[in-house]
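Here's the letter readout for the chains.
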Amino acid sequence: MKHPYYTTNQLMHEHYGQKVRKICIDGGFTCPNRDGTCGTGGCTFCGERGAGEQLDASRTIRQQAEAVLNRAAPDSAWILYFQNFTNTYAPVEILRQRYDEALIDDRIKVLDIGTRPDCITEEIADLLAEYAKKYEVWTELGLQTANDRTAKRINRGYDLRCFENAVRILKSRGLPVIVHIILGLPGETIADIRNTIAVLNRCGIDGIKIHSLFIMKDTKLAEEYLRGEFTPISMQTYIEWAAEVLTHISPDVVVHRITGNCLRELLLAPDWIMQRDLMICSIDRMMMQNGWTQGCFYQPDAVPYGTENSAERMEIHEFQG
Ligand code: SF4
């Protein structure tokens, strides 16, 4: 089915002429927002495994890669995704060792690294650029929002300036940047989402992953939810806001994901996030019925309040909120 936005599948067909699937790896990293380096407890929505809850952490990195590749067709192509926690949070030599442990096969075409902007340095970007001589190298940054007040509320542990700096460092080496955003964060409105998109367009990001905020059991967000301090958005609101993102993001940005993923046994609320196919169909249908395509309302010159005229724009935003 053709989606009204530029998908990873489309990109991979352009690059390799075939579907490219993903191997998710738990690289045994932790996160500076959990171990006390920049914070403790982590982002309020983050579960104990820092994403990738389905992965078997008792296996070595190599075993995880082999478990998939040993059964895969000889002519298949793969994205190797270091998923859990912060996969650039270690000295460069350790990073090299762990990435190499998984890069066991020429069928791997893309090295995909999930991390935080405050764990991107010039030295780490140089390392990633070395890998980019042989593989496509993608760096995924979990921004979630460009609003620094929301970032404080969710205990993200870095500010927008830090994110912009990381994007600059990566892009100066020609490395593509994929950004994760969450819709429905506590206190956020459509104005915050528009601002986040303006920031991303301005930074010239290459890819985006969008999902709705969901509440996992045993997280800080779960405590807020159970105390009645936070209510998730409805599925309909998510569909409308996701369509807003897709119609305002640059048409050149690859849309890697428009739904979240949570193991049912770990999910507290809302239930509707398990209906991924319905969400995708509903977003596509809303766009098609309105004649919308990705970037049809893209405004390359939109000024986000997180960058220039910050104070003035923050006041406008507060008034709107
Ligand atoms: S940065 Fe990522 S891994 Fe670390 S606490 Fe936040 S969501 Fe979890």
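Quick caveat: nothing in here was measured; it's all calculated off a predicted structure. Throughout this document, residue positions are counted from 1 along each chain, in the order its sequence is written. In keeping with the model being predicted, local features are shown solely for residues with a pLDDT of at least 70 and side-chain atom pairs are shown and tallied solely at 80 or more, while totals for entire chains, interfaces and linings include all residues.

**Some thoughts on the overall build of the protein chain**
- The secondary structure content of the protein chain amounts to eleven helices and nine strands.
- Relative to its length of 321 residues, the protein chain is compact, with a C-alpha radius of gyration of 19 Å against a globular reference of 20 Å.
- Taken along the three principal axes of its C-alpha coordinates, the protein chain extends 55 × 45 × 40 Å.
- Looking at the protein chain residue by residue over its 321 residues, the buried ones come to 42%.
- Restricting to contacts in the protein chain with at least 6 residues of sequence separation, those with at least 24 account for 86%. In this text, helices come from DSSP runs of H or I with a minimum length of four residues, and strands from runs of E with a minimum of two, each type numbered from the N-terminal end. For the radius of gyration, the atoms used are the C-alpha atoms, and the globule rule reads 2.2 Å times the number of residues raised to 0.38. Three exposure classes are used. Buried residues have 20 or more other C-beta atoms within 10 Å of their own C-beta, exposed residues have 12 or fewer, and partly exposed residues fall in between, all C-beta atoms being placed from the backbone. Residue pairs qualify as contacts under a 7 Å threshold applied to their C-beta atoms, which are placed from the backbone.

**Considering the confidence of the model for the protein chain**
- Considering every residue of the protein chain, the mean pLDDT works out to 92; 93% of them sit at 70 or more.
- In predicted models, pLDDT denotes the confidence assigned by the predictor to each residue on a 0 to 100 scale. Counted against residues more than four places away or in other chains, residues 307-321, with its pLDDT under 50, gives twelve contacts.

**Here's the deal with the sheet that holds strand S3 (residues 108-115)**
- Overall, parallel pairing links the seven strands, which are arranged S1-S2-S3-S4-S5-S6-S8 in an open sheet. The outermost strands of the open sheet, each flanked by one partner alone, are strand S1 (20-25) and strand S8 (254-257). Going across the sheet, the axis of each strand differs from the next one's by a mean of 25 degrees, ignoring polarity.
- Only when DSSP finds a minimum of two bridges between them are two strands counted as paired. As judged from the six bridges shared by S1 and strand S2 (residues 77-82), these two strands associate in the parallel manner. From the neighbouring strand, Arg21 faces S2, where its bridge partner is Trp78.
- For helices, the fitted axis covers only the stretch in contact; all axes are lines through C-alpha atoms, and the angles between them, taken along N-to-C directions, range from 0 to 180 degrees. Lying over the sheet, helix H6 (residues 160-171) contacts strand S4 (136-144) and strand S5 (177-183), oriented at roughly 170 degrees with respect to S4.

**Quick look at the packing of helix H2 (residues 61-69) against helix H3 (residues 92-102)**
- One way to put it is that H2 packs onto H3 with a least axis distance of 7 Å and a crossing angle of 25 degrees. Judged on the interaxial angle alone, H3 and H2 are roughly parallel. Relative to H3, H2 is oriented so that their crossing is right-handed. Of the residues in H3, those in contact with Ile61, Arg62 and Ala65 of H2 are Arg98, Glu101 and Ala102.
- Residue polarity follows a fixed list, in which Ala, Val, Leu, Ile, Met, Phe, Trp, Tyr, Cys and Pro are nonpolar, Asp, Glu, Lys and Arg are charged, and the others, Gly among them, are polar. Among the residues making up the contact of H2 with H3, the classes are represented as three nonpolar, no polar and three charged. Should an angle fall under 35 degrees it is taken as roughly parallel, and over 145 as roughly antiparallel, whereas 65 to 115 is taken as roughly perpendicular and any remaining angle as oblique. It is the rotation of the near helix from the far one that decides the hand of a crossing: anticlockwise by less than a right angle makes it left-handed, clockwise makes it right-handed.

**Some words on unusual backbone geometry**
- In this model, Ala269 is joined to Pro270 through a cis peptide bond whose omega is -10 degrees.
- Note that Pro270 resides in the loop between strand S9 (267-269) and helix H10 (276-289).
- The backbone of Gln144 sits at a positive phi, close to 75 degrees, despite the residue not being glycine.
- Within the secondary structure layout, Gln144 lies in strand S4.
- With 23 C-beta atoms counted inside 10 Å, the residue Gln144 sits in the buried group.

**Here's the deal with helix H4 (residues 122-131)**
- If you check which residues of H4 are buried, you get Ile124, Ala125 and Leu128. Within H4, the buried residues cover an arc of 100 degrees as seen down the axis, which keeps them to one side. Structural note: H4 exposes Glu122, Glu123 and Asp126 on the side pointing more than 90 degrees away from its buried face.
- Contacts from the buried residues of H4 go to H3, S4 and H6. Directions are taken from the helix axis to each C-beta atom, and the arc is the one they span.

**A short note on the environment of Asp105**
- With respect to the helices and strands, Asp105 occurs in the loop between H3 and S3.
- Taking the C-beta count within 10 Å as the criterion, Asp105 has 16 such neighbours and is therefore assigned partly exposed.
- In the structure, Asp105 is positioned 30 residues away from Tyr135 in sequence and 11 Å away in space, judged by C-alpha atoms.

**Quick word on the pairing of S4**
- In terms of burial, S4 is a largely internal element, eight of the nine residues being buried.
- By the bridge criterion, six bridges tie S3 to S4 in an arrangement that is parallel. Residue pairing in the sheet places Val110 in a bridge with Glu136 of S4.
- Relative to S5, S4 runs parallel, the two being bridged by five bridges. Looking across to S5, one finds that Glu140 is bridged to Ile178.

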